[in-house]
Amino acid sequence: QVQLVEAGGGLVQPGGSLRLSCAASGFPFSTYPMKWYRQAPGKERELVASISRGGAWTNYADSVKGRFTISRDNEKNTVYLQMNRLKPEDTAVYYCYAEVGYVYWGQGTQVTVSS
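Bear in mind the structure is a predicted one, so any value in this text is a computation, not a measurement. All residue numbers here refer to positions counted from 1 along the written sequence of the relevant chain. Owing to the predicted nature of the model, reporting of local features is limited to residues with pLDDT of at least 70; listing and counting of side-chain atom pairs is limited to 80 or more, with chain, interface and lining totals taken over all residues. Side-chain metrics in this entry use all non-hydrogen atoms of the structure; hydrogen atoms and water are not considered.

Turning to the pattern of salt bridges, a few remarks are in order. Throughout this description, the term salt bridge denotes a Lys or Arg side-chain nitrogen within 4 Å of a carboxyl oxygen of Asp or Glu. A full pass over the atoms with the stated rule returns four salt bridges. For lysine 65, the salt bridge is made with aspartate 62, and the minimal N-O distance between the two is 3.2 Å. Burial here depends on accessible area, computed with a 1.4 Å probe over protein chains only, as a share of the maximum for the residue type. Under 20% is buried, over 50% is exposed, and the range in between is partly exposed. Judged by its relative accessible area of 66%, aspartate 62 falls in the exposed class. Among the salt bridges present, the one from arginine 67 reaches aspartate 90, with a minimum N-O distance of 2.7 Å.

Glancing now at unusual backbone geometry. A positive phi angle, near 55 degrees, is found at asparagine 77, a position not held by glycine. Only DSSP runs of H or I covering at least 4 residues are called helices, and only runs of E covering at least 2 are called strands; the numbering of each starts at the N terminus. Positionally, asparagine 77 belongs in the loop between strand E7 (68–73) and strand E8 (78–83). The exposure class assigned to asparagine 77 is partly exposed, which follows from its relative accessible area of 26%. Of note in this structure, arginine 85 is not a glycine but carries a positive phi near 50 degrees. By the secondary structure assignment, arginine 85 is in the loop between E8 and strand E9 (92–100).

This part takes up the packing of aromatic side chains. Whether two aromatic rings pair depends on their centres lying within 6.5 Å, for rings of Phe, Tyr and Trp, where Trp uses its six-membered ring; planes under 30 degrees apart make the pair stacked, over 60 edge-to-face, and the rest tilted. The full count for this structure, using the stated rule, is six aromatic pairs. Taking the centre distance of 4.9 Å and the plane angle of 70 degrees together, the rings of tyrosine 37 and tryptophan 105 count as edge-to-face. Here tryptophan 105 lies in strand E10 (residues 102–105) and tyrosine 37 lies in strand E4 (residues 34–39), a separation of 68 residues in the sequence. Note on tyrosine 37: relative accessible area 15%, which makes it buried. Look at tryptophan 105 and you get partly exposed, because its relative accessible area is 35%. Between tyrosine 97 and tryptophan 105, the aromatic rings sit 5.0 Å apart at their centres with planes inclined by 70 degrees, giving edge-to-face as the arrangement.

Right, let's talk about the sheet that holds strand E1 (residues 3–7) for a bit. Note on pairing: DSSP must find at least two bridges between two strands before they are called paired. Taken in spatial order, the four strands line up as E1-E3-E8-E7 in an open sheet, and their pairing is antiparallel. Looking along the sheet, the strands with just one partner apiece sit at the ends: E1 and E7. In this sheet, neighbouring strand axes are inclined to one another by 15 degrees on average, regardless of whether the strands run parallel or antiparallel. For E7 and E8, the ladder comprises six bridges, and the chain directions are antiparallel. The axes are straight lines fitted to the C-alpha atoms, using for helices just the contacting stretch, and the angles between their N-to-C directions are given from 0 to 180°.

Cysteine pairs can be covalently joined through their sulfur atoms, and such a bond is termed a disulfide. Counting rule for disulfides: a pair of cysteine sulfur atoms within 2.5 Å. This model, assessed by the stated rule, comprises one disulfide. A sulfur-sulfur separation of 2.1 Å characterises the disulfide bridge that pairs cysteine 22 with cysteine 96. Here the disulfide of cysteine 22 and cysteine 96 is left-handed, its torsion about the S-S bond being about -85 degrees. Here the residue cysteine 22 occupies a position in strand E3 (residues 18–25), and cysteine 96 occupies one in strand E9, the gap between them amounting to 74 residues. Each member of the pair, cysteine 22 together with cysteine 96, is buried.

Read these as layout, nothing more, since geometry by itself doesn't imply function.
Here's what the structure looks like:
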């Protein structure tokens, strides 16, 4: 069964950092690109970052460019999102995404940026 399990969220002050992880199982992880989305209260879910199957290509939303870095470790079947210089507007539930014939989502991890 395809499973995506996010971890690493929490409460952080503005300017701080967090590293999210998404542990994948149930499919050949290295064959597929991976993505991170986020959803803030009252807003639509938005794409934050994408990474190619081998990790050579990445893409980011304009709002996080220069602050967030997506990476993956295919040996560990894990995708990461390093978040630096966090802002209050980054507060959201962050979701891992994979399209493996069907679309799969993790359950999400809460990130709260506040003083």
